Amino acid sequence: MIPRFKLSPDAPEVSALAYGVWRIADDPAGSSTARVRAKIDACLAQGITTFDHADIYGLYTCEGLFGRALADAPSLRDQIEIVTKCGINVPCDHRPGVRVHHYDASAAAIERCVDRSLRELRTDRIDVLLVHRPDWLTSAEDTARGLLGVIESGKVRSVGVSNYNPHQFALLARYLGHAPVTNQIELSLLRMDAITDGTLDQCQGADVHPMAWSPLGGGRLLTGDEPGAVRTRALLARLAAEYGATAEQLALAWVAALPSKPQVVIGTNQLDRIRDAAASVRIKLQREHWYELWAAAQGKPIP
Ligand code: NAP
């Protein structure tokens, strides 16, 4: 079974792997309630209980698709943790008043987004609310006021951020009075900035597990033709034979091996890949293999 931990000492317990809902509207097998339910069930069978949403996923449709499955089977709600995000506005049919792609993480916008997410998800609470991206035009004080407000109202259990740099994280922590419970960042063999720019060190220091999005580089690691992906794939294939694992499993284990212990957010639409990803938690990558993969991905030796 998948290990569990709290994202931070005062945050809800989650599974070490999370299922990301971003792509459920693009599933070649469709996005019927039965299909969404099949993916929820496939996750639960493996002990994956955390579902990572954002209001904007599927151009504001994915929360609703998931909410229909919850409405059909209300007992599911107590078996899962819902993470969702707010603060990105994109012009589309579901946002008729929005003319320009922009961010809004003001207190008023946060409250509006949470109310909408609760309606779409057909639930009375969000376990973890994240500010999706830093909004350059809103003060940290205003964002913090909104985040504290939705906790105070009982609509949200804990709050965190996504795609924040260490300065933005620290600034918001000052106004929240505590660290955000996570920073959800892009992290994979193809995107390693967080390892060296202080993001992951800050999480360790704050006793916070980061969440790692696109841990397979959105699939590019397995199919992309960029040189880093090609080099890394060749090494992953060789190591996979040695570990009796798949390349995907090793790539997920590479992210999970980091000392800040990221919660790894997978995004496959395929039921067998959900099952296979879950088995990655049993892999303990040898130190030399971890660094060998780093060097293959970077195309250079470590400094
Ligand atoms: P990912 O696991 O890196 O990529 C998933 C994609 O890779 C899917 O399209 C999947 O296709 C493909 N894939 C997996 N195994 C493959 C294989 N062996 N060969 C070819 N393709 C393969 O994760 P992601 O979907 O990019 O992101 C995961 C989650 O992170 C999202 O759902 C979302 O919750 C979160 N996210 C957050 C942010 C943010 O700003 N906070 C941004 C992006 C994503 P199949 O479906 O066919 O398996």
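Before going into details, it helps to say that this report is about the structure given with it.

**Some words on the nonpolar core**
In this structure, Y19, I48, F66, L187, L189 and W254 are the most contacted members of the largest nonpolar core, which totals 77 residues. Excluding anything up to four places from it in sequence, F66 contacts V21, I24, V36, I40, F51, H53, I80 and L121. Ranked by size, the runner-up nonpolar core spans 20 residues in total, among them L147, V156, V161 and Y164.

**Some words on the site of the ligand**
The local shell around the ligand holds 29 residues, among which R23, D52, S214, E248 and T268 are the closest. G218 is positioned such that a nitrogen or oxygen atom in its backbone is 2.9 Å from an oxygen atom of the ligand. In the model, an oxygen atom of the ligand is placed 2.7 Å from a nitrogen or oxygen of the R273 side chain. Its free accessible area being 910 Å², the ligand has 88% of it covered by the protein chains.

**Points about the packing of aromatic side chains**
For the coordinates displayed, the defined rule picks out six aromatic pairs. Ring geometry for F51 and F66: centres 5.2 Å apart, planes at 50°, overall tilted. Note that F51 is positioned in strand β4 (residues 50–52) and F66 in helix α3 (residues 62–72), a separation of 15 residues in sequence. F51 sits in the buried class, given a relative accessible area of 0%. Taken together, a centroid distance of 5.1 Å and an interplanar angle of 75° make the contact between W290 and Y291 edge-to-face. Overall, the relative accessible area of 12% leaves W290 in the buried class. Among the residues examined, Y291 registers a relative accessible area of 39% and is labelled partly exposed.

**A word on the environment of I110**
Locating I110 in the fold gives a position in helix α4 (residues 107–121). The class for I110 is buried, based on a relative accessible area of 0%. In this structure, the C-alpha to C-alpha distance between I110 and S280, residues 170 residues apart in sequence, is 35 Å. Sequence-distant contacts of I110, defined by excluding residues within four places in its chain, comprise C86, A105, L129, T143, G146, L147 and V150.

What counts as what
Residues numbered from 1 in each chain as written. Predicted model: local features only at pLDDT ≥ 70, side-chain atom pairs only at ≥ 80, totals over all residues. Heavy atoms only, no water. Core = buried A, V, L, I, M, F, W, Y, C linked by side-chain atoms within 4.5 Å. Buried < 20%, exposed > 50% of the residue type's maximum accessible area, 1.4 Å probe, protein only. Contact = heavy atoms within 4.5 Å. Near = heavy atom within 4 Å. Polar contact = N/O pair within 3.5 Å; in protein donor to acceptor, adjacent residues only side chain to side chain. Areas by Shrake-Rupley, 256 points an atom, 1.4 Å probe, with all protein chains shown as cover. Phe/Tyr/Trp six-rings, centres within 6.5 Å; stacked < 30°, edge-to-face > 60°. Helix = DSSP H or I, 4+ residues; strand = E, 2+ residues; numbered from the N terminus.

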